[in-house]
Amino acid sequence: MSDTVVGPTKGGPTMVLRRFAAALVAALALAGVQVVSAEPAAAAARILYYDASQAQEFVAVVNQGAQIWNSRVTTVQLLPVPAGRTPNIRVYADNGWPRTYTSSLGNGYWYMGREAVNDGYYKPRIAAHEFGHILGLPDRRTGLCTDLMSGSSAPVSCTNPNPNSTEIASVNRLFATSAAVPAREFVFTG
Ligand SMILES: [Zn+2]
């Protein structure tokens, strides 16, 4: 009796189930192989959406800061948020110092502060620097213009808005591994 119910009768319920399971396993294996065999450089970059609509007179320079990173890193890209979607990053403007508040890697908000702009700091460098915090980089006050994350420790006359190779590599590594980054506040000066 039980043989007719659970036996591997061709076309019976158990056989159908086994065929389905085999197909599922094959599909999963195929998906797994595709993921594993992808070259790191060809892996899909993580997309972070930013909202610059409240950046007032700095919208263009915020977009420039995003483009600077997009043209240099491969594991993450900063895109303007589409309508109806919640951004990862919001950008504001006020009269204080430029500063960033991160909640986790790739998420947070930052201010394009007029205090630094009015002191003469180069606006594209400020924007790229603050995005750098969102992308997981801390301040490194080396005083060097070649370091994007040296911030206000570099001379006011510094007009380099580009991350250096070490900074680029750090961001690529952080997003390749989805590294955990604690919530922090970063202020452009101090
Ligand atoms: Zn900073």
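What you see is a predicted model; the values in this text were computed from it and never measured.

> Can you break down the pattern of salt bridges residue by residue, with the values?
Evaluation of the coordinates by the stated rule reveals four salt bridges. Among the ionic pairs, Asp51 bridges to Arg90, the shortest N-O distance being 4.0 Å. Taken together, the residues span a long stretch of sequence, with Asp51 in strand 1 (residues 46–54) and Arg90 in strand 3 (residues 89–94) at a distance of 39 residues. Exposure remark for Asp51: the relative accessible area of 15% places this residue in the buried category. When the shortest N-O distance is used, the salt bridge between Asp139 and Arg141 registers 3.3 Å. Given a relative accessible area of 36%, Arg141 falls into the partly exposed group.

> Please give an account of the nonpolar core that cites residues and values.
Judged by nonpolar contacts, the single largest core of 36 residues is most densely connected at Val62, Trp69, Leu78, Ile89, Trp110 and Phe131. Secondary-structure elements contributing two or more residues to this core are strand 1, helix 3 (59–70), strand 2 (76–80), strand 3, strand 5 (107–113), helix 4 (114–119), helix 5 (123–134) and helix 6 (165–176).

> Kindly report on the side chain of Asn107, identifying the contributing residues and their values.
Following the sequence through the fold, Asn107 ends up in strand 5. At 3.4 Å, the side chain of Asn107 and the backbone oxygen of Leu105 are in polar contact. Apart from residues lying up to four places away in sequence, Asn107 is in contact with Arg46, Asn88, Tyr101, Thr102 and Ile134.

> Can you lay out the coordination of the zinc ion for me, pointing to particular residues and giving the numbers?
Donor atoms from the polypeptide that bind the zinc ion are His129 (NE2), His133 (NE2) and Asp139 (OD), placed at 2.0 to 2.1 Å. Each donor residue of the zinc ion belongs to the same chain, with the gaps between them written as H-x3-H-x5-D. Of this pair, His129 and His133 both sit in helix 5, separated by four residues, roughly a single helical turn. Owing to a relative accessible area of 0%, His129 belongs among the buried residues under this scheme.

> Describe the sheet that holds strand 1, naming the residues involved and giving the relevant values.
Taken in spatial order, the six strands of this open sheet run 2-1-3-5-4-6, and their pairing is mixed. This sheet does not close on itself; its edge strands, each paired only once, are strand 2 and strand 6 (184–187). For this sheet the average axis-to-axis angle between neighbouring strands, irrespective of direction, equals 20°. Note: strand 4 (residues 99–104) against strand 5, five bridges, orientation antiparallel. Note that in strand 5 the partner of Tyr101 across the bridge is Tyr109. Each of strand 1, strand 2, strand 3, strand 4, strand 5 and strand 6 touches helix 5; the most contacted strand, strand 5, lies at about 160° to it.

> Help me get a handle on helix 3, residues and values and all.
Taking 1.5 Å per residue as the helical rise, helix 3 with its twelve residues ought to reach 16 Å, and the 17 Å between its terminal C-alpha atoms agrees with that figure. Taken together, the buried positions of helix 3 are Val61, Val62, Gly65, Ala66, Ile68, Trp69 and Asn70.

> Give me the lowdown on the environment of Cys158, citing residues and values where you can.
The residue Cys158 is located in the loop between helix 5 and helix 6 in this model. The sequence separation of Cys158 and Leu148 amounts to ten residues, and the corresponding C-alpha distance is 9.9 Å. The contacts of Cys158, once residues within four sequence positions are left out, are Tyr122, Arg125 and Cys145.

> Quick rundown of helix 6? Include the residues and the values.
An α-helical turn contains 3.6 residues, so any two residues separated by three or four positions project in the same direction. An ideal rise of 1.5 Å per residue puts 16 Å on twelve residues; helix 6 measures up with 16 Å between its terminal C-alpha atoms. For helix 6, the full list of buried residues reads Glu167, Ile168, Ser170, Val171, Asn172, Leu174 and Phe175. Check the buried side of helix 6 and you find it contacts strand 1, helix 3 and strand 2. Capping the start of helix 6 is the job of one residue whose side-chain oxygen sits 3.0 Å from the backbone nitrogen of Thr166: Asn164. Downstream of helix 6 by one or two residues, Ser178 has phi in the positive range, about 50°.

Definitions and limits used
Residues numbered from 1 in each chain as written. Predicted model: local features only at pLDDT ≥ 70, side-chain atom pairs only at ≥ 80, totals over all residues. Heavy atoms only, no water. Salt bridge = Lys/Arg side-chain N within 4 Å of Asp/Glu carboxyl O. Helix = DSSP H or I, 4+ residues; strand = E, 2+ residues; numbered from the N terminus. Buried < 20%, exposed > 50% of the residue type's maximum accessible area, 1.4 Å probe, protein only. Core = buried A, V, L, I, M, F, W, Y, C linked by side-chain atoms within 4.5 Å. Polar contact = N/O pair within 3.5 Å; in protein donor to acceptor, adjacent residues only side chain to side chain. Contact = heavy atoms within 4.5 Å. Donors = N, O, S within 2.8 Å, 3.2 Å for Na, K, Ca; no water. Pairing = 2+ DSSP bridges. Axes fitted to C-alpha atoms, helices over the stretch in contact; angles between N-to-C directions. Expected span 1.5 Å × (residues − 1).

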